[in-house]
Structures are given as C-alpha cells and as structure tokens.
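# Overview (structure and organization)
Listed below are the residues making up each chain.
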Amino acid sequence: MTIGKREKIVDLFKGDKIGKEVSVKGWVRTRRGNKNIAFIALNDGSTIHNIQLVADVEVFGEEFLKDVSTGASIGAKGNLVESSGAEQPVEIQVRHIEIYGKADPSVYPLQKKGHSLEFLREIAHLRPRTNTFGAVLRIRHAMAYAIHKYFNDKGFYYIHTPIITGSDAEGAGALFKVTTLDINNPPRLQNGKVDFSQDFFGKEAKLTVSGQLEGELAALALSEIYTFGPTFRAENSNTPRHLAEFWMIEPEMAFYEISDNMDLAEDFLKYLTRYALEHCKEDLEFLNKMWDKELIERLKFVTENSFVRLSYTEAIAILEKADMKWEFPVSWGVDLQSEHERYLVEKHFKKPVILTDYPKEIKAFYMKLNDDNKTVRAMDVLFPKIGEIIGGSQREENLETLARRMVEMGIPQEEMWWYVETRKFGTAPHSGFGLGFERLLLFVTGMSNIRDVIPFPRTPKNCEF
Ligand code: 4AD
Ligand code: MG
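For the structure given in this document, a descriptive report is provided here. Just so we're clear, the structure is a prediction, and the values are computed from it rather than from any experiment. (Residues numbered from 1 in each chain as written. Chains lettered and ligands numbered in written order. Predicted model: local features only at pLDDT ≥ 70, side-chain atom pairs only at ≥ 80, totals over all residues. Heavy atoms only, no water.)

What follows is about the overall build of the protein chain. For the protein chain, the count of helices and strands is 14 helices and 16 strands. Along the first, second and third principal axes, the C-alpha atoms of the protein chain reach 85 × 55 × 45 Å. When burial is assessed residue by residue, the protein chain has 52% of its 465 residues classed as buried. Taking contacts inside the protein chain between residues at least 6 apart in sequence as the whole, the part at least 24 apart equals 67%. Approximately 22,600 Å² of the protein chain is accessible, and the part contributed by carbon and sulfur atoms is 51%. Across the protein chain, the mean location of the 60 positive side-chain charges is 4 Å away from that of the 68 negative side-chain charges. (Helix = DSSP H or I, 4+ residues; strand = E, 2+ residues; numbered from the N terminus. Buried < 20%, exposed > 50% of the residue type's maximum accessible area, 1.4 Å probe, protein only. Contact = heavy atoms within 4.5 Å. Areas by Shrake-Rupley, 256 points an atom, 1.4 Å probe, with all protein chains shown as cover. Lys, Arg positive; Asp, Glu negative; His and termini not counted. Charge placed at Lys NZ, Arg CZ, Asp CG, Glu CD.)

This is the structure:
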C-alpha cells in the first residue's frame, strides 16, 4: 500500500473530511505516547497547526516508530476522526506510515522547543521548520500577494526595473560593484585607475539601491506604476532594521502632488495591515502569544486611526522640547535618528506619523524644492517599533531646478542624461515612495530583528546560505 496523493493539513481542519480515509505528508514535530499508543504531531507548512497521528505501537513496532522522530519526513494514511483530546479538533488513526527521510535525534539541531532566534539564524537552512518561521514565511507570502493585488485593483502597472545599473539612484554612494574584471590584476589606464572600458558592460556597473529613477521613466508614460524587487545597500549598518539586500516596493505616479502621495501611502499601509488581520489570523495569534503581546492590538490600531501629518520643522520643535537624553542631539538641519522617530510615534503622538518638508541638504537630489529654497517635498512615514517604514517625495519636474540641484549635490549629469531628458520632453508633476518590504514585515509580524523576517539575511560580514 502506498500513501498516495496528500491532503494539505490545513484542509483537514475544515471538518468536511471527518470519517474519510486521508493521506498526509510532512515533517514530524514530536512523538510521544506509551507502550501501546504513539501520538505523532505532523506539520506540512500549510498551517501553524500540526495534525495528530495516532498509531498503534503493536501494529508498527517500536523499532520502526523510533525512526518516526522529530524532524523526520513521513507520509501517513488513515481515518480522519474527531479527536477526544482538547488540544486538537481532529486526528488521524493511522493504518500506514512511510518514512521518506530520517533525522537522527542525536544530531538533528531542532530538538527542543524554545531555541533562541540568534541560534536559529545560524541554522537558517532548517529554521523554516519552526513554528515562528513558518508563520513569518506565510505572512511574507500573503503580504507580497496583497501588494500586487492592491496595485492591480487600482490600475497600477508592475514595472521590472534593472538590478544591475550604472547609476546611484539615491546619490548616497553605498553601492556594491558588479564586475567580471580580475580584481587581483585589473587593466589600468595610464593614470593608474581601473580601465572599466574593458569590463563586461564597458563601464562601471553596480547593484541597484532603488528602482525609482527607472520607475519615474515609466510613470511619465503609463501614469501609475510600481516596482517590487530586490535592492542592495553596501552601508555598514549593523542594526535590527538594516539589511544589505532587501526588497522594496516603489509606486510612482504622474500628476500626484505630495498630499496625494501621502494619501496613497496611508491607504496602502492600512490595506496591507487589514489584509494580514483578515488572512493571517492564526499565524498572527501565534506570534502575538510567542513574541509580542501587543501585536494584534497594534495592527488594529493602525487600521483604525489617521496618521498624524506634520513638517520636519514642527517635529524638531517638539523634539527640542522633549524631556529626553538623546544619543544624537537635535537641532534644525540634522537627520532624524531612530530614537527621534520613535519618540514622535510612540511617546508624543502615539500614532503613525508622516513627516514632510525636510531640509534639502539631508535628502536626495530628485526631491522637489519648496519655495523657501531650504526644504524639499519629502515625506517619511514613521511607525511604532520600526521608525521609518516609507520614504518618498514629490519629484523635481523643473529642468533648470533639477540641473542646479544635481550640480549642488555632485550628481554627474552626463551619466544621468536619460533622467534629465524626461524633464525636457513632456515633464509633469509626479510623486512616489518606497516601502521597505522587510520593515513592513517587522511591523506586521511583531518580530524585532529584520534578520528574522527574510529567509536568508545579508548583513555586514554575513553571507551564509
Ligand atoms: O528612504 P529610502 O532610501 O528611499 C528610496 O530608496 C527612494 N528611492 C524611495 C522612493 O521614493 N521611491 O528607502 C525606502 C525604504 C525605507 O523607508 C525603508 O523602509 C527601506 O526602504 N530601507 C531599508 N530596509 C532594510 N534595510 C535597509 N538597509 C534599508 N534602507 C531603506
Ligand atoms: Mg529614507
């Protein structure tokens, strides 16, 4: 007898298969029991819940059941019945078990419950088999789907922007280089500099920090677009909120002013939060119980309350008056740090905050200059526990102003000729923003380290798996 086609465990909890013969396949979480009967908790990733398999020890033999140990992959077939135990609504009275892969208990690392998140990072190849990472990965999937659904329903087009690029979109210089030259012995020009004309692309190439600039080109034709792809930053930021490789969602909209941009950002974040509450209920309940007792409450709060909107200048005034010992002192002109952002959100307003009109010196060259000639039409959305979750702006659509800003900020115009040309031909007001996918997931899952919401984190000095 073979096991045959498997049912997903999630479907067995729906109740309509009770009394029928079913087959399941998955990985053993625990086996317990006594001389007569074995209880096997099986999980196949389709739900946080395990299905209980009840096996007669005499039928299978003690030796055989020894290999049905934590971590082993098995298939089982038997009758689905209502369970007498309080822990689970249904269980399978198994008649047949097939072992696909054993997991030697003396070396399988996921034996006991309650491994630390730090330890699990070291075994990222196995951590999807834990309850926590199962939940995180299912929520990650649900959020990716909801993002595409949101924009598709609104008539936005998904644009694929390049991952290898010749430009530094943020002008921040934190770029990974892409080359096929022999780094030990690259061809050199007379002045000693590397001769990139002999490199693969005939010029210097990098991994992109943002799809925005190419997204703008598409928005100035299709009106409303978004990107959703990997982005790379070679900044040496060892924090719970920074990755060297992260995913970003960047909508870009023609004919949007900054206020339209803020409306979209707020609506988008509320939609995604609501989607998680509706579609990831059991996983959220688990994470709420395990890691963050206020998680679900916080998610509901965000969907039900308007975000506060105020200017950078107003925020600085609040921070200067605050009775706090800042690690980074505050005055007009400084870039806000996480401690300042979280004070505004968690202590002062107790609500998500959208800050606008930052000093031009601390923001990117492409942001629209205000009439005061001092601030730009930037907007950062600040969230509880996270700080900055979205960064965006209205874009400078005026050719002369953009050109001047590029000179001021040392952005090479020759290299960016294509970007500048959109301001020469049919320029239009437009705006957009970037949502860090893993920052969103930090918020939605309640996890506190960004390394725990991406399957294989890339951070300084860490590129395992
Ligand atoms: O504020 P940033 O740098 O903005 C941009 O890249 C713009 N091009 C976006 C746009 O207007 N289209 O990044 C946007 C967001 C941040 O708010 C944050 O959520 C996330 O990306 N982010 C990171 N997430 C994880 N690790 C990092 N190192 C991140 N840097 C930015
Ligand atoms: Mg930013």
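From this point on, the discussion continues.
What tends to happen in soluble globular proteins is that the nonpolar side chains get buried as a cluster. In this structure, Met143 and Leu284 are the most contacted members of the largest nonpolar core, which totals 66 residues. The biggest single contributor to this core is helix 7 (residues 258–279), with 11 residues. Other than its neighbours up to four places away in sequence, Leu284 contacts Ile139, Ala276, Leu277, Leu295, Ile296, Leu299 and Val444. Core analysis: the second largest hydrophobic core is formed by 35 residues, Ala315, Trp326, Ala364 and Val376 among them. (Core = buried A, V, L, I, M, F, W, Y, C linked by side-chain atoms within 4.5 Å.)

Ordered in space as 1-2-3-5-4, the 5 strands form a closed barrel in which the pairing is mixed. With direction set aside, neighbouring strand axes in the sheet form an average angle of 55°. (Pairing = 2+ DSSP bridges. Axes fitted to C-alpha atoms, helices over the stretch in contact; angles between N-to-C directions.)

Moving on, we come to the environment of Glu388. One can find Glu388 in strand 15 (residues 387–394). On the basis of relative accessibility, which here comes to 28%, the residue Glu388 falls in the partly exposed class. Here the alpha-carbon distance between Glu388 and Pro352, two residues 36 residues apart in the chain, equals 10.0 Å. If near-sequence neighbours (up to four positions away) are discounted, Glu388 is found in contact with Glu341, Asp380, Val381, Leu382 and Arg439.

What follows is about the pairing of strand 13 (residues 353–359). With respect to burial, strand 13 is a largely interior element, 6 of its 7 residues being buried. Where strand 12 (residues 308–311) lies against strand 13, 4 bridges are found, and the strand directions are parallel. From the neighbouring strand, Arg309 faces strand 13, where its bridge partner is Ile354. Pairing of strand 13 with strand 14 (residues 375–383), which is carried by 6 bridges, proceeds in the antiparallel orientation. Pairing of Ile354 across the sheet is with Val381, part of strand 14.

With that settled, consider a nonpolar patch on the surface. Residues Ile163, Ile164, Phe200 and Phe201 make up a contiguous nonpolar surface patch of about 400 Å² in total accessible area. Judged by its relative accessible area of 36%, Ile163 falls in the partly exposed class. (Patch = residues over 30% accessible without salt bridge, like charges linked within 9 Å, V, L, I, M, F, W, Y side chains within 5 Å. Salt bridge = Lys/Arg side-chain N within 4 Å of Asp/Glu carboxyl O.)

Before going further, it helps to examine the sheet that holds strand 9 (residues 205–207). Strand pairing within a sheet occurs via backbone hydrogen bonds; the two strands may be parallel or antiparallel. Pairing within the open sheet is antiparallel, and its 3 strands lie in the order 7-9-8. Every interior strand has two partners, whereas the edge strands, strand 7 (164–165) and strand 8 (177–178), have only one. With 2 bridges joining them, strand 8 and strand 9 adopt antiparallel strand pairing. In the strand pairing of strand 9, Val178 is matched with Ala205.

Consecutive side chains of a regular strand alternate in pointing toward one face of the sheet and then the other. Of all 6 residues in strand 3 (residues 51–56), 5 are buried, a share of seventy percent or more. Pairing geometry for strand 2 (residues 37–43) and strand 3, over 6 bridges, is antiparallel. Bridge pairing in strand 3 links Ala41 to Gln52. Examined bridge by bridge, strand 3 and strand 5 (residues 90–101) share 3 bridges and lie parallel to one another. Of the residues in strand 5, the one forming a bridge with Leu53 is Ile92.

Turning our eyes to something else, we now look at the site of ligand 1. Taken together, 24 residues surround ligand 1, and among them Glu170, Gln212, Glu250, Glu388 and Ile389 come closest. At a separation of 3.5 Å, a nitrogen atom of ligand 1 approaches a polar side-chain atom of Glu235. Surface burial for ligand 1 is 93%, taken as the share of its 630 Å² of free accessible area covered by protein chains. If you list the elements that add at least two residues to the shell around ligand 1, you get strand 11 (245–254), strand 15 and strand 16 (430–436). No other element matches the 5 residues that strand 15 contributes to the shell around ligand 1. The class makeup of the residues in the shell around ligand 1 is 8 nonpolar, 8 polar and 8 charged. (Near = heavy atom within 4 Å. Polar contact = N/O pair within 3.5 Å; in protein donor to acceptor, adjacent residues only side chain to side chain. Nonpolar A, V, L, I, M, F, W, Y, C, P; charged D, E, K, R; others polar.)

Bringing the packing of aromatic side chains into the picture now. Under the criterion given, the structure shown has 23 aromatic pairs. Judged by centre distance (6.2 Å) and plane angle (20°), the rings of Phe60 and Phe64 are stacked. Ring centres of Phe151 and Phe268 lie 4.8 Å apart, and the angle between their planes is 40°; this geometry places the pair in the tilted category. One end of the pair, Phe151, is in helix 5 (residues 131–153); the other, Phe268, is in helix 7, with 117 residues separating them in the sequence. A relative accessible area of 0% means that Phe268 is categorised as buried. What links up through ring pairs into an aromatic cluster is the set Tyr145, Tyr150, Phe151, Phe156, Tyr158, Tyr226, Phe268, Tyr271, Tyr275 and Phe433. Against the face of Tyr358 rests Lys363, its NZ or CZ located 4.2 Å from the ring centre. The ring of Tyr419 has Arg423 lying over it, and the distance from NZ or CZ to the ring centre is 4.3 Å. (Phe/Tyr/Trp six-rings, centres within 6.5 Å; stacked < 30°, edge-to-face > 60°. Lys NZ or Arg CZ within 6 Å of the ring centre and 35° of its normal.)

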